[in-house]
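For reference, the chains in residue letters:
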Amino acid sequence: MPEDDILTIDEVAKYLRVSERTVYDWAQKGEIPSGKIGTVWRFKKTELERWVNERLSVSKLAPQGGNIHMESILSPDRIIFTNFSTKRDTLLALVDNLATSPQIKNRQELAQEILRREELMSTAIGRGIAIPHVRLSSITDLVVAIGISQTEIVDFQPLDDEPVRLLFMIAAATSQHAYYLQTLSFFSSRLKNHELRRAILAAKTPHEAYAVLVGK
């Protein structure tokens, strides 16, 4: 791969005319194609240009934050309790749960892409949270599964070194780019609330966790 095809945060910020902090936040949330070399974010120029073109093409259709309704993308049967210490086992348990939903047509492809995405870069965003996510042509509509881990998952390598306990897996159709990004942003923002995270972890059943998330 040519060296001039790999960009730093500073170069991406200048290219997109945004702050370096904005680029860093996008990378942390998985909202921009990126990868890590050690602890340093790197961006492939060709993927970045394609991402920009996609955003421009759907910008007029992008849903507003208020249009994200938890009840439309999540149900109690998409919330599971896990007890694995590794991210691979936990991710596959969530894949198995999502694969039972009618929106998912190819369980094997979902598993492969979720694991491949995780190898490219960790989806841990800090505060004990990971948001694994993928868009596939075999998925018919956006759907979410949540994993509440009963043990600390130690190999997600979050920047704040806090072991992951909460996972929010987002699977969407390839045509849902704007909605997909909006959902990622919605969860990233909402989960900054410490009391909400604590209440989810304290839930004893999927229905209790669901009630906390939808505010009932």
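What you see is a predicted model, and the numbers here were worked out from it, not measured in a lab.

Trainee: Give me the lowdown on the overall build of the chain, citing residues and values where you can.
Mentor: Looking only at helices and strands, one finds 9 helices and 9 strands in the chain. The C-alpha radius of gyration computed for the chain amounts to 17 Å, which stays within 12% of the reference 17 Å derived for 216 residues, consistent with globular compactness. Here the C-alpha coordinates of the chain stretch approximately 50 × 35 × 35 Å along the principal axes. In the chain, which comprises 216 residues, the proportion classed as buried is 48%. Relative to all contacts within the chain whose residues are 6 or more apart in sequence, the contacts with residues 24 or more apart total 70%. Summed over its atoms, the accessible surface of the chain is roughly 10,900 Å², and 49% of this surface lies on carbon and sulfur atoms. Computed over 27 positive and 27 negative side-chain charges, the separation of the two mean positions in the chain equals 4 Å.

Trainee: Could you give me a rundown of the confidence of the model for the chain, with the residues and numbers involved?
Mentor: Close inspection of predicted coordinates is inappropriate in any region flagged by low pLDDT. When the pLDDT values of the chain are averaged, the result is 86; 90% of them are 70 or greater. Within the chain, the lowest mean pLDDT, 69, falls on helix 3 (residues 45-58), and the highest, 98, falls on strand 4 (residues 79-82). This model gives residues 56-66 a pLDDT under 50, and the stretch forms 8 contacts once residues within four places in sequence are excluded.

Trainee: Residues and numbers for helix 7 (residues 177-190), please.
Mentor: The end-to-end C-alpha distance of helix 7 is 20 Å, a good match for the 20 Å that 14 residues give at a rise of 1.5 Å each. Here helix 7 has its buried residues at His177, Ala178, Tyr179, Tyr180, Leu181, Thr183, Leu184, Phe186, Phe187 and Ser188.

Trainee: Describe the packing of aromatic side chains, with residues and values.
Mentor: For any pair of aromatic rings, the description rests on two quantities: the centre-to-centre distance and the angle between the ring planes. Taken as a whole, this structure holds 2 aromatic pairs when the rule is applied. Arranged with centres 5.2 Å apart and planes meeting at 40 degrees, the rings of Phe168 and Phe187 form a pair that is tilted. Placement of the pair is Phe168 in strand 9 (residues 164-173) and Phe187 in helix 7, with a sequence separation of 19 residues. In this structure Phe168 comes out as buried when scored by relative accessible area, which is 0%. The exposure class assigned to Phe187 is buried, which follows from its relative accessible area of 1%. Ring plane angle 70 degrees and centroid distance 5.5 Å describe the contact between Phe186 and Phe187, whose orientation is recorded as edge-to-face. Through a chain of ring-to-ring contacts, the aromatic side chains of Phe168, Phe186 and Phe187 assemble into a single cluster.

Trainee: I'd like a rundown of the layout of surface pockets, residues and numbers included.
Mentor: Its boundaries defined by the atoms lining it, the largest pocket holds a volume of some 580 Å³. Lining of the largest pocket is provided by 22 residues; of these, Pro33, Arg116, Arg117, Arg135 and Tyr180 occupy positions nearest its centre. Put simply, the parts of the chain that give the lining of the largest pocket at least two residues each are helix 3, helix 6 (107-120), strand 7 (133-136) and helix 7. Taken together, the residues of the lining of the largest pocket sort by class into 9 nonpolar, 5 polar and 8 charged. Volume-wise, the second largest pocket comes out at about 270 Å³. If you go around the second largest pocket, you meet 14 residues; those closest to its centre are Arg21, Asp25, Gln28, Ile125 and Arg127. Listed by contribution, the elements that provide at least two residues to the lining of the second largest pocket are helix 2 (20-29) and strand 5 (124-126). Broken down by element, the lining of the second largest pocket gets its largest block of residues, 5 residues, from helix 2.

Trainee: Give a description of the packing of helix 1 (residues 9-16) against helix 2 that names residues and reports values.
Mentor: Contact geometry of helix 1 with helix 2 gives a least axis separation of 8 Å together with a crossing angle of 110 degrees. Considering their axes alone, helix 1 and helix 2 lie roughly perpendicular with respect to each other. Contact residues: Ile9, Asp10, Val12, Ala13 and Leu16 in helix 1; Glu20, Val23, Tyr24 and Trp26 in helix 2. Taken together, the residues of the contact of helix 1 with helix 2 break down into 7 nonpolar, no polar and 2 charged.

The rules behind each value
- Residues numbered from 1 in each chain as written.
- Predicted model: local features only at pLDDT ≥ 70, side-chain atom pairs only at ≥ 80, totals over all residues.
- Heavy atoms only, no water.
- Helix = DSSP H or I, 4+ residues; strand = E, 2+ residues; numbered from the N terminus.
- Rg over C-alpha atoms; globule rule 2.2 N^0.38 Å.
- Buried < 20%, exposed > 50% of the residue type's maximum accessible area, 1.4 Å probe, protein only.
- Contact = heavy atoms within 4.5 Å.
- Areas by Shrake-Rupley, 256 points an atom, 1.4 Å probe, with all protein chains shown as cover.
- Lys, Arg positive; Asp, Glu negative; His and termini not counted.
- Charge placed at Lys NZ, Arg CZ, Asp CG, Glu CD.
- pLDDT = per-residue confidence, 0-100.
- Expected span 1.5 Å × (residues − 1).
- Phe/Tyr/Trp six-rings, centres within 6.5 Å; stacked < 30°, edge-to-face > 60°.
- 1 Å grid on protein atoms, 1.4 Å probe; cavity = no way out; pocket = protein on both sides within 12 Å on 5 of 7 lines; lining within 4 Å.
- Points joined across faces, edges and corners; volume = space filled by probe spheres on them.
- Nonpolar A, V, L, I, M, F, W, Y, C, P; charged D, E, K, R; others polar.
- Axes fitted to C-alpha atoms, helices over the stretch in contact; angles between N-to-C directions.
- Parallel < 35°, antiparallel > 145°, perpendicular 65-115°, else oblique.

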